[in-house]
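# Observations on chain architecture
Spelled out from the first residue to the last, the chains are:
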Amino acid sequence: MAGGEKFYVTTPIYYVNDAPHLGHAYTTIACDALTRFRRLDGNDVLFTTGTDEHGQKVENSAKAAGEAPQAFCDRVSQTFRTMNTLLGLDTHDFVRTTEERHIRCATEVWNRIANNGQGDLYLGKYGYYYSIRDEAPYDESELINGKAPTGADVEWVEEENYFFRLSAWQDRLLEFYDSHPDFIGPAARRNEVISFVKAGLKDISISRTSFSWGIPVPNDAKHVMYVWIEALCVYLTGAGYPDIDSEKYNKFWPCSLHMVGKDIVRFHCVYWPAFLMAAGIPVTKRVFGHGWWTVEGQKMSKSLGNFIPPKTLVDKYGLDATRYFVLRELPFGSDGDFSHRAIVNRINGDLANDLGNLAQRVLSMIQRYCEGRVPKAGAFAVADEALLRAAHELLPKLRAEYAMPAYHRALDHLWAVVGDANRYVDEQAPWALRRSDSTRCDTVLYVLAETIRHLAMLIQPVMPTSAGKILDQLAVPGGQRDFEALAAHPLAAGTQLPRPEGVFPRY
Ligand code: MSP
């Protein structure tokens, strides 16, 4: 995809009283890198994130803090806004589920399902094991030694609830997966979801009467909506629903991509499309379930107390290195253990030795040999053309990887060219050419500078600040940093460059 498209990407909304950790930051950084990539590629992108603020757990936390639930949410939702600032997010909308716009949206979705004439919503008796910590009901068959599969304590609850007739949606969901092969990524998660649906679906309870901190069910205010059904509606809220005549809604719905962790794939790939279809609203185009950051094999989480706050990493290693590390280290979709040694290896290896050294060496030679001006290239030799071709071929390769998205592979392609460029410097030895053949020396340095420009431009989505510094050192004007400029504005011979400075210090 190359420009002119509308793209809407969402992070899940974070539980408002959770403590931001690397797991949350991972989803957010991934969405931000994708947003930046698509914007630089000429697309109109809506990027939303936010906080999930209703439910019994929040009500209990507010009580424990001696605050009214709304005041509690107003205060603690700030921690996620602070995380977004820390992570350097590009323009995005932060949607809170206690906002009026969201209440309107969820109420409208509820009404549409209730009134769809298919009996998808009905009142029934519901008995279940409930884990406050997980905000999730469990069947007896799911319990392990009397606890939730996550290890959380559960209690037995019985109440009159509204139900969603999910059992009636099995065939329609399977048909939907069949006709929309890209709906779930990666492939392994798609297979898991299909097997789950094929095994048969039970109706699900979608309201609660045992507490009141939630969105009231229309025309039956002793019920509040079960937090998951209304939380999913936040994606519609972000697109301006229920204002279906608005420009925003028409531009951005159906949503292009919900990025989620693998623990919440079922909510997004089974319940959510069924709710949307039942409400007569077009279904999101794709859901991608990424893996978990673990610590000694266990999911990083607040409740297990094994979490790493993003601030610890940013303070210690810097923002760009942190962003690079999380997107490069794990194949996007797989789990992986966090280790400080791994991040230091990436910083010293990929960033300082490979890319940093390449930029520093080449820019210093241009400074010394060419009076700090972009040199003029002569005729290109085979090796020059090969390196330039590799640089030019990066954009289409990255487009394909970001479409998945497969950040690790996008970065592998970039670092393959970093490696090619470093080998080319050694083979061409411009320091020797400088004496033997100055025209050839200029050509080699031009080819390298142009290759570094491509690399820096394409690294912007992941490391915006560092890439910006390299582009500054190549005197690339601010208006020539989008991907269209890759081919349209090659470096102009004679341009004066500032003194080079190292961009990636060793740790
Ligand atoms: N509030 C729900 C989402 C509702 S969306 C309509 C929720 N919140 S959460 O705060 O628990 O998780 C938010 C996101 O962070 C999820 O995508 C989750 O998978 C991700 N992560 C939380 N811990 C994680 C790791 N340890 N590793 C990677 N991501 C994980 O779920």
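Treat the numbers as computed from the prediction; the structure is a model and nothing was measured. (Residues numbered from 1 in each chain as written. Predicted model: local features only at pLDDT ≥ 70, side-chain atom pairs only at ≥ 80, totals over all residues. Heavy atoms only, no water.)

What surrounds the ligand is a group of 25 residues, the closest being Ile13, Asp52, Gly261, Asp263 and Trp293. Separating an oxygen atom of the ligand from a side-chain N or O atom of Asp263 is a distance of 2.6 Å. Here a nitrogen atom of the ligand and a backbone polar atom of Met300 are 2.9 Å apart. Contributing elements (two or more residues each) for the shell around the ligand: β2 (14-15), α1 (22-40), α8 (227-232) and β13 (257-261). (Near = heavy atom within 4 Å. Polar contact = N/O pair within 3.5 Å; in protein donor to acceptor, adjacent residues only side chain to side chain. Helix = DSSP H or I, 4+ residues; strand = E, 2+ residues; numbered from the N terminus.)

Hydrogen bonds between backbone groups are what pair the strands of a sheet, and the pairing can be parallel or antiparallel. Strand order across the open sheet formed by 3 strands is β16-β15-β17, with mixed pairing between neighbours. Each edge of the open sheet is held by one strand with a lone partner, namely β16 (298-299) and β17 (336-337). Bridge analysis of strand β15 (residues 293-295) against β16 gives 2 bridges, and the strand direction is antiparallel. Looking across to β16, one finds that Thr294 is bridged to Lys299. (Pairing = 2+ DSSP bridges.)

In total, this model carries 29 salt bridges according to the counting rule given. A salt bridge links Arg328 to Asp350, with the nearest nitrogen and oxygen atoms 3.2 Å apart. Of this pair, Arg328 sits in helix α13 (residues 319-329) while Asp350 sits in helix α14 (residues 340-369), and the two are 22 residues apart along the sequence. Judged by its relative accessible area of 11%, Arg328 falls in the buried class. For Arg346, the salt bridge identified is with Glu329, shortest N-O distance 2.6 Å. With Arg346 in helix α14 and Glu329 in helix α13, this pair connects stretches of sequence that are 17 residues apart. You can call Glu329 partly exposed: its relative accessible area is 27%. Each of Arg328, Glu329, Arg346, Asp350 and Asp412 takes part in one network of salt bridges that share partners. (Salt bridge = Lys/Arg side-chain N within 4 Å of Asp/Glu carboxyl O. Buried < 20%, exposed > 50% of the residue type's maximum accessible area, 1.4 Å probe, protein only.)

The next subject is the packing of helix α15 (residues 382-392) against helix α19 (residues 438-459). Packing of α15 against α19 leaves a shortest axis separation of 9 Å and a crossing angle of 10 degrees. Here α19 runs roughly parallel to α15, going by the angle between their axes. Mapping the contact onto sequence places Asp384, Leu387, Leu388, Ala391 and His392 in α15 and Arg440, Thr443, Val447, Leu448, Glu450, Thr451 and His454 in α19. Grouping the amino acids of the contact of α15 with α19 by side-chain chemistry returns 5 nonpolar, 4 polar and 3 charged. (Axes fitted to C-alpha atoms, helices over the stretch in contact; angles between N-to-C directions. Parallel < 35°, antiparallel > 145°, perpendicular 65-115°, else oblique. Contact = heavy atoms within 4.5 Å. Nonpolar A, V, L, I, M, F, W, Y, C, P; charged D, E, K, R; others polar.)

This paragraph deals with the packing of aromatic side chains. Enumeration according to the criterion identifies 29 aromatic pairs in this entry. Ring centres of Tyr241 and Tyr249 lie 5.7 Å apart, and the angle between their planes is 50 degrees; this geometry places the pair in the tilted category. Residue Tyr241 shares its accessibility class with Tyr249, and that shared class is buried. Judged by centre distance (4.9 Å) and plane angle (45 degrees), the rings of Tyr324 and Trp415 are tilted. (Phe/Tyr/Trp six-rings, centres within 6.5 Å; stacked < 30°, edge-to-face > 60°.)

Read across the sheet, 3 strands follow the order β10-β12-β11 without closing on themselves; strand pairing throughout is antiparallel. The open sheet has two free edges, formed respectively by β10 (207-208) and β11 (216-217), since each of these has just one partner strand. Relative to strand β12 (residues 220-225), β10 runs antiparallel, the two sharing 2 bridges. The partner of Arg208 across the bridge, within β12, is Val224.

Glycine aside, residues mostly have negative phi angles, and peptide bonds mostly take the trans form. Cis peptide bonds are those with omega within 30 degrees of zero, and the linkage from Gly185 to Pro186 qualifies with -10 degrees. Look at Ala475: it is not a glycine, yet its phi comes out positive at around 55 degrees. Structurally, Ala475 can be placed in the loop between α20 (464-473) and α21 (484-488). Classification of Ala475 by relative accessible area gives partly exposed; the value is 28%.

Bringing the nonpolar core into the picture now. In this structure, Trp415 and Leu448 are the most contacted members of the largest nonpolar core, which totals 96 residues. Structurally, this core is a two-domain feature, drawing no fewer than three residues from each of domain 1 (6-322) and domain 2 (339-488). Contact partners of Leu448, with chain neighbours within four places excluded, come to Leu358, Val362, Leu387, Ala421, Tyr424 and Val425. (Core = buried A, V, L, I, M, F, W, Y, C linked by side-chain atoms within 4.5 Å. Domains from an automatic or database assignment.)

Attention now moves to the packing of α15 against helix α17 (residues 407-428). Where α15 meets α17, the closest approach of the two axes is 10 Å, and the angle between their N-to-C directions is 160 degrees. Comparing the axis directions of α15 and α17 gives the class roughly antiparallel. By crossing handedness, the relation of α15 to α17 is classed as left-handed. Residues Ala383, Asp384, Leu387 and Ala390 of α15 pack against Val417, Asp420, Ala421, Tyr424 and Gln428 of α17. Taken together, the residues of the contact of α15 with α17 sort by class into 6 nonpolar, 1 polar and 2 charged. (Left-handed = near helix turned anticlockwise from the far one by under 90°.)

This part is about the environment of Thr322. For Thr322, the location among the structural elements is in helix α13. Sequence separation between Thr322 and His21 is 301 residues, and the spatial gap between their C-alpha atoms is 13 Å. For Thr322, the residues in contact, after removing those within four places along its chain, are Leu313, Val314, Tyr317 and Ile343. At a separation of 2.7 Å, a polar atom in the side chain of Thr322 contacts the main-chain carbonyl oxygen of Gly318.

With that settled, consider the pairing of strand β3 (residues 44-52). For β3, a buried count of 8 out of 9 residues is recorded, marking the element as mostly surrounded by other parts of the structure. Examined bridge by bridge, strand β1 (residues 6-10) and β3 share 5 bridges and lie parallel to one another. Bridged to Lys6 within β3 is Asp44. Bridge count for β2 against β3 is 2 bridges, and the pairing is parallel. Within β3, the residue paired with Tyr15 across the bridge is Asp52. Pairing analysis gives 4 bridges linking β3 to strand β4 (residues 93-96), with the strands arranged parallel. Opposite Gly50, over in β4, you have Val95 as the bridge partner.

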